[in-house]
Amino acid sequence: IQLPDFQRGWVWDDQDIRSLLVSIARAFPVGAVMMLEAGGDARFKVRPVEGVNPTEVASSNVEQLILDGQQRLTSLTQVLMLDQPVNTRTPTGKPLKRYYYIDIECALLGAEYYEDAIIGLDEHRVIRENFGRDIKLDLSTPEKEYENFYFPCNQILNSNIWEQGLFVHAPDRFGRYMEFRTKILEEFRQYDVPIIQPYRDWE
């Protein structure tokens, strides 16, 4: 799945991304996406979804093109599937690098707390206060993620390695984590995005 080259670039900001994650966690609809079967007589130039390494995808193997829903699908690809920080921006357009996390205990308070539970951290994965002098939250290593009980969103689709680490470093929290996995992570894993795919017969 790639983009036709005429599509505009990805423009969602940090708040848009977090709102999308909250909507999926709450099983709210986020709208359908529209795909077009690749090929036929009208052959568009294509490009990968932003954030995907172009050397890892081949334009000759494209099966579908994203016509509508690029912002949502690009956001989900970058947050859920890539190890690098998401290159997003503030509402005023200032560039940001963000890793997204879920505060497990906050999320387990109920769906009404998801907006507070889902947060973005800078590329160092540290939140500072007091004009940068004090560290409020440090998630810069997996061990600190276990210690603070924050789940990295790029592990949502396959959390096996993270779970093994949690069991080793904080076994007393594993039962609580499994409750989080059942209530929140499974919502992401079972979430369906409706796809509209117009029939196209160029022959």
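Residues numbered from 1 in each chain as written. Predicted model: local features only at pLDDT ≥ 70, side-chain atom pairs only at ≥ 80, totals over all residues. Heavy atoms only, no water.

A.B. asks: Please provide a residue-by-residue account of the side chain of Ser159, values included.
C.D. replies: Position of Ser159 among the secondary structure elements: in the loop between strand S10 (150-152) and helix H6 (160-169). One polar contact links Ser159 to Tyr177, side chain to side chain, over a distance of 3.4 Å. Not counting residues up to four positions away in its chain, the partners in contact with Ser159 are Phe151, Tyr177, Arg181, Leu185 and Arg189. (Helix = DSSP H or I, 4+ residues; strand = E, 2+ residues; numbered from the N terminus. Polar contact = N/O pair within 3.5 Å; in protein donor to acceptor, adjacent residues only side chain to side chain. Contact = heavy atoms within 4.5 Å.)

A.B. asks: For the packing of helix H1 (residues 14-25) against helix H2 (residues 70-81), give the residues involved together with the corresponding values.
C.D. replies: Relative orientation of the contacting elements H1 and H2 amounts to 85°, with a least axis distance of 10 Å. Judged on the interaxial angle alone, H2 and H1 are roughly perpendicular. Seen from H1, the contacting residues are Ile17, Leu20, Leu21 and Ile24; seen from H2, they are Arg72, Ser75, Leu76 and Val79. Split into classes, the residues belonging to the contact of H1 with H2 amount to six nonpolar, one polar and one charged. (Axes fitted to C-alpha atoms, helices over the stretch in contact; angles between N-to-C directions. Parallel < 35°, antiparallel > 145°, perpendicular 65-115°, else oblique. Nonpolar A, V, L, I, M, F, W, Y, C, P; charged D, E, K, R; others polar.)

A.B. asks: How would you sum up H2? Please name residues and give values.
C.D. replies: Its twelve residues give H2 an end-to-end C-alpha distance of 16 Å, which sits within 8% of 16 Å, the value for a rise of 1.5 Å per residue. Here H2 lies mainly inside the structure; eleven of its twelve residues are buried. When we look at burial in H2, the residues that qualify are Gln70, Gln71, Arg72, Leu73, Thr74, Ser75, Leu76, Thr77, Gln78, Val79 and Leu80. (Expected span 1.5 Å × (residues − 1). Buried < 20%, exposed > 50% of the residue type's maximum accessible area, 1.4 Å probe, protein only.)

A.B. asks: An account of the sheet that holds strand S4 (residues 64-68) is needed here, citing residue identities and associated values.
C.D. replies: Read across the sheet, three strands follow the order S4-S2-S11 without closing on themselves; strand pairing throughout is mixed. Unpaired on one side and paired on the other, S4 and strand S11 (195-196) mark the two borders of the sheet. Inspection of the sheet shows strand S2 (residues 33-37) paired to S4 by four bridges, in the antiparallel sense. Residue pairing in the sheet places Met35 in a bridge with Ile66 of S4. Sheet strands touched by H2: S2 and S4. Its angle to S4, the strand with the most contacts, is close to 120°. (Pairing = 2+ DSSP bridges.)

A.B. asks: How would you sum up the nonpolar core? Please name residues and give values.
C.D. replies: One finds Leu21, Ile102, Tyr177 and Phe180 to be the most contacted residues of the largest nonpolar core, which totals 35 residues. Sorting the residues of this core by element identifies H1, H2, strand S6 (95-103), helix H3 (104-107), helix H4 (114-117), H6 and helix H7 (174-190) as the ones contributing at least two each. Those residues in contact with Ile102 that lie beyond four places of it in its chain are Ala107, Ala117, Ile118, Phe149, Tyr150, Phe151, Cys153, Ile156, Phe180 and Ile184. By size, the runner-up hydrophobic cluster in this structure holds seven residues, among which are Tyr99, Tyr101, Ile119 and Leu121. (Core = buried A, V, L, I, M, F, W, Y, C linked by side-chain atoms within 4.5 Å.)

A.B. asks: Can you tell me about the pattern of salt bridges, naming the residues and giving the values?
C.D. replies: Applying the stated criterion across every chain yields a total of ten salt bridges. Notably, a salt bridge pairs Glu186 with Arg181, separated by 4.0 Å at the nearest N-O pair. Note on Glu186: relative accessible area 22%, which makes it partly exposed. Overlapping salt bridges bring together Glu105, Arg176, Glu179 and Lys183 as one network. (Salt bridge = Lys/Arg side-chain N within 4 Å of Asp/Glu carboxyl O.)

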